[in-house]
Amino acid sequence: MNRRAEVEPESLAARGGELPSARNSCTVPVTEGYERWAPIYDRTPNPLLACEERHLMPWFADLRNKSILDVGCGTGRWLHRLTTLGGQPVAGIDFSVAMLRVAEKKGAIRGRLASAACENLPFRAAVFDLAVCSFVLGHIRVLGPMVSELARVMRPGADVFVSDLHPDAYARGWRVGFRDNGAAVQIEMLPRAAEEIVQLFYSNGLECLKQVPLYLGDPEKPIFARAGKAHSFREACQLSAILVFHFRRLDSPIDRCPAVMTSLKTDHSTPSPPETRAKVGN
Ligand SMILES: C[S@@+](CC[C@H](N)C(=O)[O-])C[C@H]1O[C@@H](n2cnc3c(N)ncnc32)[C@H](O)[C@@H]1O
């Protein structure tokens, strides 16, 4: 069965949120991980999610009358916010029923959610003006089908915002995960170089306009303190924690010359670690 609605989705009728290090933790498959994390996902302060929201919210100033898709929406963290900023109509998909159950409790997005995989979106082609895909990519083993589906449902000129754990943070042992009865649980993920992601999106008609590394900062300090990790906060702030991409849906991917790719530069004008900023004035 592969019925496609337009923007209407098909029906859907401790302590967590940590950055467990690769050591001293167990790794679980994605579906199991979110089944277990769902009940506490929204309740537990998470420095990565807090940092991402703080930096990205200003990018979404006026969303009136924009149709919005949240791919891998989880508990509806972004979808709910974007709806309150005027996004209309909105839709969120996720394959974790446990995460969607939490999202369904958020009034503004109730009935706008669908249980679906990113690789097979239940929507017609070219119906969304804006999409977000936050902390999902690293969980997807083969990215091609997901990117091709995303490109299919976006209108020409539409904006797509993608964020994930930065590959540098992954290399230093950071993982996406939570605590369950005191034990660190990390969820299976794989790192990808930014260039690989940009190239794949481009070959599907999504041009990268901006690529920004985000760093943890003082607003995240209390979260570290609460988790008993105040001692590691400053060091954590030095590392690129999150990588955000802003893509634009091209009219036609084949119209564009590959030279566009070479002009792409990482935008370092936005956040940098506090110490680096201090040095600039010296
Ligand atoms: C870290 S959570 C992020 C949730 C939400 N985007 C946020 O930022 O709060 C990752 C989500 O991606 C979903 N996910 C992972 N792989 C998926 C796939 N192939 N299809 C649909 N959802 C997927 C998981 O179920 C989970 O809810």
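Residues numbered from 1 in each chain as written. Predicted model: local features only at pLDDT ≥ 70, side-chain atom pairs only at ≥ 80, totals over all residues.

Participant: How do you make sense of the overall build of the protein when you look at a structure like this?
Facilitator: Looking only at helices and strands, one finds 11 helices and 10 strands in the protein. Counting every position in the protein, which comprises 282 residues, the buried fraction comes to 44%. (Helix = DSSP H or I, 4+ residues; strand = E, 2+ residues; numbered from the N terminus. Buried ≥ 20, exposed ≤ 12 C-beta atoms within 10 Å, placed from the backbone.)

Participant: Quick question: what am I supposed to make of the sheet that holds strand β7 (residues 177-180) here?
Facilitator: Either a parallel or an antiparallel arrangement is found when strands of a sheet pair, and the pairing is made through backbone hydrogen bonds. Spatial strand order, β1-β8-β7: 3 strands in an open sheet with mixed pairing. The open sheet is flanked by β1 (26-28) and β7, the only strands paired with a single partner. Geometrically, the sheet is characterised by an average inter-axis angle of 35 degrees between neighbouring strands, direction not taken into account. (Pairing = 2+ DSSP bridges. Axes fitted to C-alpha atoms, helices over the stretch in contact; angles between N-to-C directions.)

Participant: Help me understand the confidence of the model for the protein, please; the structure alone is not making it clear to me.
Facilitator: Reading fine detail from the predicted coordinates is not recommended where pLDDT is low. Of the residues in the protein, 80% have a pLDDT of 70 or more, and the chain-wide mean is 85. Below a pLDDT of 50 lies the segment residues 1-18, which in the model reaches 51 contacts outside its immediate sequence neighbourhood of four places, other chains included. For residues 254-282, every residue scores under 50 in pLDDT, and the model assigns this stretch 22 contacts once sequence neighbours within four places are set aside. (pLDDT = per-residue confidence, 0-100. Contact = placed C-beta atoms within 7 Å.)

Participant: What should I look at first to understand the packing of helix α1 (residues 30-41) against helix α4 (residues 97-104) in this one?
Facilitator: The description of two packed helices rests on the angle between their axes and on the distance between the axes. Two elements in contact, α1 and α4, have axes whose closest approach is 7 Å; the angle formed by their N-to-C orientations is 20 degrees. Taken as axis vectors, α1 and α4 run roughly parallel relative to one another. Mapping the contact onto sequence places Y34, E35, A38 and Y41 in α1 and A98, M99, R101 and V102 in α4. Here the residues of the contact of α1 with α4 are counted per class, giving 6 nonpolar, no polar and 2 charged. (Parallel < 35°, antiparallel > 145°, perpendicular 65-115°, else oblique. Nonpolar A, V, L, I, M, F, W, Y, C, P; charged D, E, K, R; others polar.)

Participant: Would you mind showing me how to read the sheet that holds strand β10 (residues 242-249) here?
Facilitator: Judged by pairing direction, the sheet is mixed, and its 7 strands sit side by side in the order β4-β3-β2-β5-β6-β10-β9 without closing on themselves. Lying at the two open borders of the sheet, with one neighbouring strand each, are β4 (113-115) and β9 (206-214). If you compare each strand with its neighbour and ignore which way they point, the axes differ by 15 degrees on average. Taken together, the 7 bridges between strand β6 (residues 154-165) and β10 define a ladder with antiparallel strand orientation.

Participant: Help me understand the site of the ligand in this model?
Facilitator: Taken together, 20 residues lie around the ligand, and G72, G74, R77, S96 and S134 are the ones closest in. Breaking the shell around the ligand down by element, the ones donating at least two residues are α1 and α3 (77-84). In the shell around the ligand, the residues fall into 12 nonpolar, 5 polar and 3 charged. (Near = placed C-beta within 6 Å.)

Participant: Is there a simple way to think about unusual backbone geometry in this case?
Facilitator: Comment: phi is negative for the bulk of residues other than glycine, and the bulk of peptide bonds are trans. A cis amide bond, omega -5 degrees, links Q88 with the succeeding residue P89. Tracing the backbone shows P89 in the loop between α3 and β3 (90-94). Positive phi is not limited to glycine here, since N65 has a value of about 65 degrees. Structurally, N65 is set in the loop between α2 (47-56) and β2 (68-71).

Participant: Please explain the nonpolar core as it appears in this structure.
Facilitator: The nonpolar side chains of a soluble globular protein tend to be buried, and buried together. Membership of the largest hydrophobic core comes to 74 residues, with the highest contact counts inside it found for F128, A131 and L150. If near-sequence neighbours (up to four positions away) are discounted, L150 is found in contact with V71, A131 and V160. (Core = buried A, V, L, I, M, F, W, Y, C linked by C-beta atoms within 7 Å.)

Participant: What is the right way to read the environment of R175 from this model?
Facilitator: Locating R175 in the fold gives a position in the loop between α6 (167-171) and β7. Judged by local crowding, R175 falls into the buried class, with 21 C-beta atoms found within 10 Å.

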